[in-house]
Amino acid sequence: METKTLPKRGQVPLELTWDLSVVYAAEADWESDFARVEESIPDFDAWKNRLAESPQNLLQCLQKQDEIGVIFSQLYSYASLKRSEDNAQAEAQGRVERVKMQGTRLGAATAWIEPEILAMPPQTLRDFQAQERELGLYSYYFQTLERRRAHVRSAEVEDVLALAREATSGTSTVYKLFNDADLKFPDVEDENGASVELTHGRYIRFLENQNRNVRERAFRTVHGEYSRWRNTLAASLSGAVKSDVFSARARKYDNALHAALSPDDIPTDVYRNLVSAVRERLPVLHRYLRLRKKLLKLDDLQMWDLYVPMVAEVEKEMPYDEAQQAVLQASQPLGEKYARILEQSFDSRWIDVLENEGKSSGAFSDGAYTTPPYILMNWQDNLSNAFTLAHELGHSIHSYFTRETQPYVYSHYTIFVAEVASTLNEALLTHHLQKQAEAAGDRALQLYLLNSYAERFRTTLYRQTMFAEFELKIHELVESGEALTADGMSEIYLQFNKDFYGAEVNVDDCVAIEWARIPHFYYGFYVYQYATGISAAAALSKQILEEGEPAVERYLNFLRGGGSDTSINLLRGAGVDMATSAPVHQALDVFDEIIAKMEALAE
Ligand SMILES: [Zn+2]
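Residues numbered from 1 in each chain as written. Predicted model: local features only at pLDDT ≥ 70, side-chain atom pairs only at ≥ 80, totals over all residues. Heavy atoms only, no water.

S.K.: I'd love a proper account of the coordination of the zinc ion, names of residues and values included.
M.R.: The zinc ion binds to the protein through His-391 (NE2), His-395 (NE2), Glu-419 (OE) and Glu-419 (OE), with metal-donor distances spanning 2.1 to 2.5 Å. Classification of the site at the zinc ion as irregular follows from its four donor atoms and the range of 51 to 138° in their angles at the metal. Within one chain, the residues donating to the zinc ion are spaced in sequence as H-x3-H-x23-E. With His-391 in helix α17 (residues 383–405) and Glu-419 in helix α18 (residues 415–439), the pair connects residues that are 28 residues apart, well separated along the chain. (Donors = N, O, S within 2.8 Å, 3.2 Å for Na, K, Ca; no water. Tetrahedral: all angles 85-135°; square planar, octahedral: opposite > 155°, others 65-115°. Helix = DSSP H or I, 4+ residues; strand = E, 2+ residues; numbered from the N terminus.)

Here it is, written out as C-alpha cells:
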C-alpha cells in the first residue's frame, strides 16, 4: 500500500491545474448566467401548441432552445469540473445540486417540443423548411426525429408506456444492489498462505498473480459464489431482457436489437456482421493463445491463465513532460493542425494533471460547447498513464474539432464514434513507442508494448463480441417465446467460450455461470460498441500510417462531423464502412501482424 499523503488542492502548482477562469472569471459571472437561464424557462410557454402555426414559430423556439442549451451546458460543465477538483468542498457541491435542479426545470419546460414536432404532418415540416431557409440548419435534426415517428404511439399508449417504464426498470437496480452491495465472496488463500478477502476489485489482481494455484482458487471461488445465486440471477437477467423485448414490441420495432440500434440508425447488420467476422477470424485469436501458452511455459492453458502477464513487466519511468512529448510525436502523422491543438491543450492549461486530496479518481475528458475540452488526470510517472493521456486527448481534440465546426445542435457525438478518436491515439502512441524501442534495440520494451496492444484485441474485440453474441442470443430466445433459465443460459455461455477459445484453452465448466457476473448485460446492446470502436480505430490508424495525407484529411473531417450525421455515415467518410465486415478484418490483420512481431521477438 502506498502511504504518501496527497497534497491539498491549494498546494498543487498552478501550471499543472486546469484553467477554469476562462469559463467564469468570478463567482458572480456564473450566478448571472444561472439567473439568465432561470428567467428564460417560462419563455418556452409562448410557443406551446403553436409550433405548427408558422415556420417562424418553429425556428424561434428551436433557436431559443439552443441558445439556452449553450449557456446551461456551460453552467453545468463548470460546476461539475469545479467539484471534481475537490469533492469535499460544500460550495462546489451546492453549485452542482442547484444546476442539476435547474436542468430538471429546463427539461420539463421543453419536454413538449419534440412530441409537438412529431405531431406535425411530415409534409408541413417539409413545407416549413422550404419557406424558412434558416430551418435548413435543423434538417438532420428533423431526420433523427423522423426516424422515431413510426415508433411513437398514441398519446394514451405513450402515457401507459411511461408508467410501464417505472414498473419494468427495477431488475437492473436489483442486480446492481446485489452485485455491488449484498454479494460477499469467501476469502481466498494467497501465495503466502494468508487468507485474503476476495472483492470485485481484487479479483483481477488474483488473476494476474504469478502463482497458478492462487489464480485457480480465485477463479473457482468467484464463479462458485455466483453459482449459488444462479436461479435468482437468471430471473433477474431474464426480467431485464423481457423488459427490452416488451418496449421494442410496444413501439413496433422488428425486435429488441432493432430498437436499441435505431436511434442512431445503425443497421442491425452491423451487429450481425461484427459477430460473424469475429467468428471467422478466431484462428488469429488461437494463434495468440498459442503464443501465450508458450511464453508462460505452460503445457495447457486454463481459463485462469488468461490475465497473468505473459511478458516481463517493464518498469519504464515516464514523467509527465516526457509523456506530452511522446503523444505529440506519436500524433505527427495527423498533421500540423492536430499538433497545434495538442500544444494548445498543454500550454493553455486544459489539463488538470496531479492527484490531490478530494479530487475525482480516474481520468476523463469533459467540457461544454463554449469551453475548452478539459481533461482530468491523476498522473503517475508510468507508461500506462501516458496511454491514458493519449486516450483522453483523443476525446478532447474530437470535441475541439466538432465544436469549432458544428452548430450546437450537432455538437454531441455518439458513443459509437467517441471511442474511435481515443483508441486511435492509443494505437498511434503504441506505434511510435514501439518504433523507438526497436531503434534502441530494447526487445523487452517492444514486447511489452506489443503485448499491451494485443491484449486490447483479445479483451475488447473478441471478448466483447462474444458478450454481444450472447446478448443477442438471449433476446432472441425470449422473442421466440422461450424461457431464460440458469441452466439454459449457462449452456449457451459455456458453448460460446468453447467456440471462441477453441482447442487452445481448457474451458472449465465453472465459467458457464460467468454471464451472472457481467453487469453490461443489463445495458441493452451496449458492449458491441467497444468492439466496433477498436475495429474502426485500428483500421483507420493503419490507413493513416500507410496512406498518409488523404487518410488524414478524411479522418479530420470525421472529427469535425460531431453529431451532424449518423455514426455509420461519419465513419464511412473517414474511410471505414462499418456496414461491411471489412474494418473488422482490417483490424484483425493488425492484430495478426502484432502477433507475428511478438513471435519473432520472443524467439
Ligand atoms: Zn474513452
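S.K.: Please give an account of the nonpolar core that cites residues and values.
M.R.: Core analysis: the largest hydrophobic core is formed by 196 residues, its most contacted members being Phe-457 and Trp-515. The dominant element in this core, judged by the number of residues it contributes, is helix α19 (residues 443–479), at 18 residues. (Core = buried A, V, L, I, M, F, W, Y, C linked by side-chain atoms within 4.5 Å. Buried < 20%, exposed > 50% of the residue type's maximum accessible area, 1.4 Å probe, protein only.)

S.K.: Tell me about empty space enclosed by the protein, and name the residues and values.
M.R.: Applying the stated criterion across every chain yields a total of two cavities of 30 Å³ or more. In this structure, the largest cavity encloses a volume near 50 Å³. Lining the largest cavity, in full, are Leu-285, Arg-458, Tyr-462, Arg-463, Met-466, Phe-500 and Tyr-501. For the lining of the largest cavity, the secondary structure elements donating two or more residues are α19 and α20 (486–501). In terms of residue count, α19 provides more of the lining of the largest cavity than any other element does, four residues in total. Its boundaries defined by the atoms lining it, the second largest cavity holds a volume of some 40 Å³. As for the second largest cavity, its lining consists of Val-270, Asn-273, Leu-274, Thr-532, Met-578, Thr-580 and Val-584. Top element by residues in the lining of the second largest cavity is helix α13 (residues 268–280). It accounts for three residues. Its residues assigned to classes, the lining of the second largest cavity comprises four nonpolar, three polar and no charged. (1 Å grid on protein atoms, 1.4 Å probe; cavity = no way out; pocket = protein on both sides within 12 Å on 5 of 7 lines; lining within 4 Å. Points joined across faces, edges and corners; volume = space filled by probe spheres on them. Nonpolar A, V, L, I, M, F, W, Y, C, P; charged D, E, K, R; others polar.)

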